[in-house]
Amino acid sequence: MELRRRDYHVERPLLNQKQLEELGRWSSVTGTHQWRTWLQCSHARARALLLQYLPVLAWLPRYPVRDWLLGDLLSGLSVAIMQLPQGLAYALLAGLPPVFGLYSSFYPVFIYFLFGTSRHISVGTFAVMSVMVGSVTESLAPDEDFLQDLNSTVNETARDAARVQLASALSVLVGLFQVGLGLVHFGFVVTYLSEPLVHGYTTAASVQVFISQLKYVFGLQLSSRSGPLSIIYTLLEVCWKLPQSVVGTMVTALVAGVVLVVVKLLNDKLQQHLPLPIPGELLTLIGATGISYGVGLKHRFGVDVVGDIPAGLIPPVAPNSQLFAKLVGNAFAIAVVGFAIAISLGKIFALRHGYRVDSNQELVALGLSNLIGGVFQCFPVSCSMSRSLVQESTGGNTQVAGAVSSLFILIIIVKLGELFQDLPKAVLAAAIIVNLKGMLMQFTDICSLWKANRMDLLIWLVTFVATILLNLDLGLAAAVAFSLLLVVFRTQLPHYSILGQVPDTDIYRDVAEYSEAREVPGVKVFRSSATVYFANAELYSDTLKQKCGIDVDRLISRKKKLLKKKELKLKRLLKEEKLQRQAGPLEPAAASKGTSVSINANTSIRDIESNNMEGSKAKQVSAGKELEDTAASGQEDAKAPDGSTLKALGLPQPDFHSLVLDLGALSFVDTVCLKSLKNIFRDFREIEVEVYMAACHTPVVTQLEAGHFFDASITKQHLFASVHDAVVFALQHPRSGPVSPVSVTQL
């Protein structure tokens, strides 16, 4: 479609940075002292702090009972029905007795109800968190440390007690990390976990969860392993011991898995017709417990069951601080991963329902949930994707639903927990594996990322492989390090381009991409797609010289060599003149052979190299025929009597007189960038090309001033508001030679 003329017309003068600041009355923004407001003490300030850190006081008094209470009650009941089997199952995943999964489904959930800002996420046990905890407990309290000497059996009571102590201390330490990061407003730390990284990590964690549950599915006794390649060794051991599988356990797991899958398919089919989803997991647990008790699966078929589940709550216990040194690395990894999962889900629901989630307060809320939960023998928790979706879809509007679910779990802990003593562990393993469907479906990200962004695919694959091979803690560290290094690598290799003017516009685009874009005669415009800093400053300078089509460094070197030769000749002439003056007047024959050459007797080395010979007084001296070339070149260049220009020296001249650096992509500058820019000015001026800068953002200009970039030779008059301003100015003020009026008019 042909563009209509005069659709967009603006008339303004050319503006360099100095003129722009005067026109816009620029002044530096004075920084506000945030700490002053923190130290203020008033009734309003105290109330604001209370509502900020205890959000329930802000929304609960305005809670619309008639509109939301019924939905929250039904949602809380639905979540509790899911929370019960998942709590029992994920405790096994963490290497702990199942009852501690119930504790972790009660205390943290109620604490989050008081301090959380998300209205829809379901806090509690989660597979990824549980397997991370399990890797810690099994590595620091392996079965081999609790073998009884008589029959080489494991003392499960002592082992479980040690693992509970480890898990509770780990939960306290995770909570301290999260609360501390939240109070100092470090909620942004999760931004270093990109979506491909989180998806690759959770997918690898789900694979680890799957492999860790195989021992319950086949009824095998496996060695406890931790560290790099532990999951590979576990899988190999499972394959090696498959002939020892317990048939009753395999059948139990298979039947439970089929029932759970069928119920989930029915829920998906009848979702629009059912007021509440069918509680398949709860029904399966109740049915399996009844069958196990009635048939005697443990005694007749050797099926391992949950065992003793004590009724009632246990008193709080102070964590063993001596364990903190062993747990600090894993605790930080679990704290970051747990928060990343919670805040990502929280922001999804907040965006969907039109409210705001405070990331720093979410850190505090999640940290307090883990901190207080650890005192009551809980293990670290986060939020569950499946339960959060159920909480939203069944009518949940606030965390009242979470409070209802926690109270339901409390009733089970106090009165009904002991009824599940005969529940087969194979059924819990089947429930865990079936619930991994959502995370295992993330393997489809590989196809979508291959089409969309292969760098993100690389992050996904490296995260997945590193987590599988190095385990969850080291895998996360390796994934974050690789992701950050990839960002640095991508900024080191940005896209460099020479820009041309789109006809009849003030728009400049890459001439390699836009066929109609034309370079302005006599002016080179260079742009980088990334900021210039220490990692790519040298590449920026080298690519600039390459794109300009001339070997700048070699040209400068040749120029200096020729100037040095001229200097030596000049010194020899001066010396000969001095000797001739001392010897008296020349003989006519000798004088007739001489040639009159115009030089400056007072010229210094610095004058020659700095091109400051113009305007100096010349004297006539006699010289030999060897200086005729120098005299001829000096006479040809009327502007430089010393003959120090490229033309006078017989060197090739660039086909442009001005260079414009488009610095619109710069977001910051460092000292290396400043030195690189100054070197560009110096080198191109050596080959008689003037350099201009354009489109700098105000913060970058401020940093240039702070770095003392501007001086007598580089001023703000070399910095322009736009590329077009710089190009027009360069055409109107060429460094050497006149510019044709046609060139300026065409712009």
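None of the values given here were measured: they were computed from a predicted structure.

1. So, the packing of aromatic side chains
With the rule as written, the count across this model stands at 21 aromatic pairs. Their ring planes at 65° and their centres at 6.0 Å tell us that Tyr496 and Tyr540 sit as a pair that is edge-to-face. Taken together, the positions of Tyr496 in strand 3 (residues 496-501) and Tyr540 in helix 24 (residues 537-547) put the pair 44 residues apart, joining distant regions of the chain. There is no split in this pair, since Tyr496 and Tyr540 are both buried. Consider the rings of Tyr692 and Phe720, whose centres lie 5.8 Å apart with planes at 70°: the pair is edge-to-face. Residue Tyr692 is located in strand 9 (residues 690-694), and its partner Phe720 is located in strand 10 (residues 719-720); the two are separated by 28 residues in the primary sequence. Taken as a pair, Tyr692 and Phe720 share a single burial class, namely buried. Among the aromatic residues, those joined into a cluster by ring pairs are Trp59, Tyr63, Trp68, Phe110 and Phe113. Here the guanidinium or amino end of Arg454 rests over the ring plane of Trp450, the centre of that ring lying 3.8 Å away.

2. Re a nonpolar patch on the surface
Taken together, the side chains of Leu229, Ile232, Tyr233, Leu236, Val465, Leu469, Leu470 and Leu474 define a hydrophobic patch exposed on the protein surface, amounting to about 640 Å² of accessible area. Considering each element in turn, the nonpolar patch owes the most residues, four residues, to helix 23 (residues 454-492). Tracing the sequence through the fold places Leu469 in helix 23. Taking relative accessible area as the criterion, Leu469 reaches 34% and is therefore assigned partly exposed.

3. Details of the pattern of salt bridges
Opposite charge on two side chains permits them to pair, given that their charged atoms come into close proximity. Under the counting rule described, the total for this entry stands at 19 salt bridges. Asp683 serves as the salt-bridge partner of Lys545, at 3.1 Å between the closest nitrogen and oxygen. Here Lys545 is found in helix 24, whereas its partner Asp683 is found in helix 30 (residues 671-686), with 138 residues between them in sequence. As far as the burial class goes, Lys545 and Asp683 line up, both buried. Close ionic contact of Asp711 with Lys678 constitutes a salt bridge, the shortest N to O distance being 3.8 Å. One end of the pair, Asp711, is in the loop between helix 31 (698-706) and strand 10; the other, Lys678, is in helix 30, and 33 residues separate them in sequence. Taking relative accessible area as the criterion, Asp711 reaches 34% and is therefore assigned partly exposed.

4. So, the nonpolar core
Proteins that are soluble and globular tend to have nonpolar side chains buried together. Residues Val128, Met132 and Leu423 are the most contacted members of the largest nonpolar core, which totals 106 residues. Leaving out residues up to four positions away in the same chain, Val128 has contacts with Tyr201, Thr202, Ala205, Val337, Ile341 and Met439.

5. Thoughts on the environment of Gly76
Following the sequence through the fold, Gly76 ends up in helix 5 (residues 65-93). In this structure Gly76 comes out as buried when scored by relative accessible area, which is 0%. For the pair Gly76 and Gln399, spaced 323 residues apart in sequence, the C-alpha to C-alpha distance is 8.9 Å. In this structure Gly76 touches Ala401, Val404 and Ser405, once residues within four positions along its chain are discounted.

6. Some details on the confidence of the model for the protein
Across the protein, pLDDT averages 83, with 87% of residues at or above 70. This model gives residues 586-641 a pLDDT under 50, and the stretch forms 64 contacts once residues within four places in sequence are excluded. Contacts for the low-pLDDT stretch residues 737-746, under 50 throughout, to residues beyond four places or in other chains number seven contacts.

What counts as what
- Residues numbered from 1 in each chain as written.
- Predicted model: local features only at pLDDT ≥ 70, side-chain atom pairs only at ≥ 80, totals over all residues.
- Heavy atoms only, no water.
- Phe/Tyr/Trp six-rings, centres within 6.5 Å; stacked < 30°, edge-to-face > 60°.
- Helix = DSSP H or I, 4+ residues; strand = E, 2+ residues; numbered from the N terminus.
- Buried < 20%, exposed > 50% of the residue type's maximum accessible area, 1.4 Å probe, protein only.
- Lys NZ or Arg CZ within 6 Å of the ring centre and 35° of its normal.
- Patch = residues over 30% accessible without salt bridge, like charges linked within 9 Å, V, L, I, M, F, W, Y side chains within 5 Å.
- Areas by Shrake-Rupley, 256 points an atom, 1.4 Å probe, with all protein chains shown as cover.
- Salt bridge = Lys/Arg side-chain N within 4 Å of Asp/Glu carboxyl O.
- Core = buried A, V, L, I, M, F, W, Y, C linked by side-chain atoms within 4.5 Å.
- Contact = heavy atoms within 4.5 Å.
- pLDDT = per-residue confidence, 0-100.

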